[in-house]
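Each chain is listed here by its residues.
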Amino acid sequence: MNVINKKSHEQTPNYFYGVDVNNKEAVREEYERLRKKHRNITIFAIIVLGCLSFVLGDFLRVTKLGGKPIFATSKKVERGTLFSGLGYKVLYCNNGQRYVGSVLYKSCEEFDENTFANVLYEKLVNYSADNKTLNRSKLKDFTVIDVMFDEENEEEGSDYLATISFSCNGNNSSCFKTAKEYNDPYNIKLYVRFNKFNEIYDVVPFKESGAYYNELVEQYTPKVQEYLRNNNLLVADNLHHFTIKLLENHGKYKFRGETYADSYLIQIDYNCLDNTNTCVTPAGNEDFEGDYSNLSFYMAMFLDAEDNVSLMGPKEYFDL
């Protein structure tokens with residue numbers, strides 16, 4: 001039997017982009033190289049786009065939405081902090097003002113009460129008219145007499161206490177509605193609350209915090225003590241600790257035929273030197289059932305036109 005040896009056919013190399021397509025191993029290696037290259041380019045592109053989206057998002061959040069910068073350098077300036085980000089600068093002033101721009105021409109100036117009163121006047125009138133608490137057609141005069149910074153608020157803005165004088169056509173106060181009745185309806189105090197965009201988001205006649213609240217607590221604490229002492233409801237020699245909290249302001253109030261200039265629901269906390277609860281007695285508790293034996297209780301407080309305490313009694317007085 002003859003064995004015929006067949007010589008394998010040698011193929012002519014066929015190069016495509018530098019690779020012999022007839023060489024399976026070379027094709028496979030080139031495929032793997034290109035696949036890894038494509039993967040690396042894709043990962044790099046995703047990282048770059050991700051970084052750009054974060055930077056762009058930070059830019060829009062700061063310039064359009066009023067947020068605080070993330071990708072920015074900061075430095076202390078006079079009366080504030082300057083942040084420099086990609087394409088923007090934002091200046092936060094200690095007085096609550098905020099300025100944004102690619103180039104800033106603003107600086108944190110000293111709080112000018114007169115200048116800010118004009119700004120507050122315009123914003124307050126517009127806010128009140130938009131919220132149907134001010135009738136422009138019946139308004140005769142509206143003046144911001146003075147304004148003071150009270151405290152920062154939960155909206156990343158600031159609260160201001162404004163003293164306002166106004167008058168209406170027809171010799172009444174119906175053109176400007178407030179949440180409480182004032183003894184002098186034409187001269188009032190209001191808290192004007194600004195958010196982080198320096199726009200008014202709320203106007204209230206009373207709140208339980210801030211510089212003015214602390215002034216009121218300091219002012220009324222000795223007056224409450226004096227009232228209780230004069231009515232034999234407080235033994236000063238046995239008193240160790242005595243504080244009050246102003247919880248609600250009911251404004252001008254008529255009670256049992258008497259009209260009082262202002263009124264508050266307050267909380268009294270105390271303790272005695274002899275470790276009893278006998279150094280303070282709640283006024284008027286004989287008229288209502290309740291446990292007054294602890295060292296904290298609520299009371300209604302009524303004031304005259306000179307801000308002196310005229311009457312105190314159980315909190316139920318406000319329900320009569």
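Described in the following lines is the structure provided in the data block. Just so you know, these numbers come straight off a predicted model, no measurement behind them.

Nonpolar side chains in soluble globular proteins tend to be buried together. Membership of the largest hydrophobic core comes to 38 residues, with the highest contact counts inside it found for Val 224, Leu 228, Phe 242, Leu 246, Ile 268, Met 301 and Met 312. Mapped by element, the contributors of at least two residues to this core are α3 (211-230), β11 (239-249), β12 (253-255), β14 (262-272), β15 (296-303) and β16 (309-313). Broken down by element, the residue count for this core peaks at seven residues, all from α3.

The next thing to look at is the state of the cysteines. Counting across every chain of the model gives two disulfides. The side chain of Cys 168 participates in a disulfide bridge whose partner is Cys 175; the two sulfur atoms lie 1.8 Å from each other. Because the torsion about its S-S bond is -70°, the bridge between Cys 168 and Cys 175 counts as left-handed. A relative accessible area of 2% means that Cys 175 is categorised as buried. Here Cys 272 connects covalently by a disulfide to Cys 279, the sulfurs 2.0 Å from one another. The disulfide joining Cys 272 to Cys 279 has a torsion of about -85° about its S-S bond and is therefore left-handed.

Right, let's get into the environment of Asn 231. Looking at where Asn 231 falls in the secondary structure, it is placed in the loop between α3 and β11. Between the C-alpha atoms of Asn 231 and Ala 283, which are 52 residues apart in sequence, the distance is 8.3 Å. One polar contact links the side chain of Asn 231 to the main-chain carbonyl oxygen of Tyr 227, over a distance of 2.7 Å.

Turning to the pairing of β15, a few remarks are in order. Within β15, six of the eight residues are buried, which leaves it mostly tucked inside the rest of the structure. Examined bridge by bridge, β14 and β15 share eight bridges and lie antiparallel to one another. Its bridge partner lying in β15, Asp 262 is registered against Leu 303. Between β15 and β16, which pair antiparallel one after the other, the connecting turn spans five residues, and Asp 307 there sits at a positive phi close to 65°.

Space inside the second largest pocket adds up to approximately 470 Å³. Counting residues per element, the ones that place at least two in the lining of the second largest pocket are β9 (187-194), α3 and β14. For the lining of the second largest pocket, the element with the most residues is β9, which contributes four residues. Along the lines of polarity and charge, the residues of the lining of the second largest pocket split into twelve nonpolar, four polar and eight charged.

As a further point, take the side chain of Thr 81. Tracing the backbone shows Thr 81 in strand β4 (residues 80-85). Residue Thr 81 is classed as buried on the basis of its relative accessible area of 14%. Within the local environment of Thr 81, its side chain forms a polar contact with the side chain of Lys 76, the two groups lying 3.3 Å apart. Thr 81 has contacts with Ser 74, Lys 75, Lys 76, Val 90, Leu 91 and Tyr 92, leaving out every residue within four places of it along the chain.

How each quantity is defined
- Residues numbered from 1 in each chain as written.
- Predicted model: local features only at pLDDT ≥ 70, side-chain atom pairs only at ≥ 80, totals over all residues.
- Heavy atoms only, no water.
- Core = buried A, V, L, I, M, F, W, Y, C linked by side-chain atoms within 4.5 Å.
- Buried < 20%, exposed > 50% of the residue type's maximum accessible area, 1.4 Å probe, protein only.
- Helix = DSSP H or I, 4+ residues; strand = E, 2+ residues; numbered from the N terminus.
- Disulfide = S-S within 2.5 Å.
- Polar contact = N/O pair within 3.5 Å; in protein donor to acceptor, adjacent residues only side chain to side chain.
- Pairing = 2+ DSSP bridges.
- 1 Å grid on protein atoms, 1.4 Å probe; cavity = no way out; pocket = protein on both sides within 12 Å on 5 of 7 lines; lining within 4 Å.
- Points joined across faces, edges and corners; volume = space filled by probe spheres on them.
- Nonpolar A, V, L, I, M, F, W, Y, C, P; charged D, E, K, R; others polar.
- Contact = heavy atoms within 4.5 Å.

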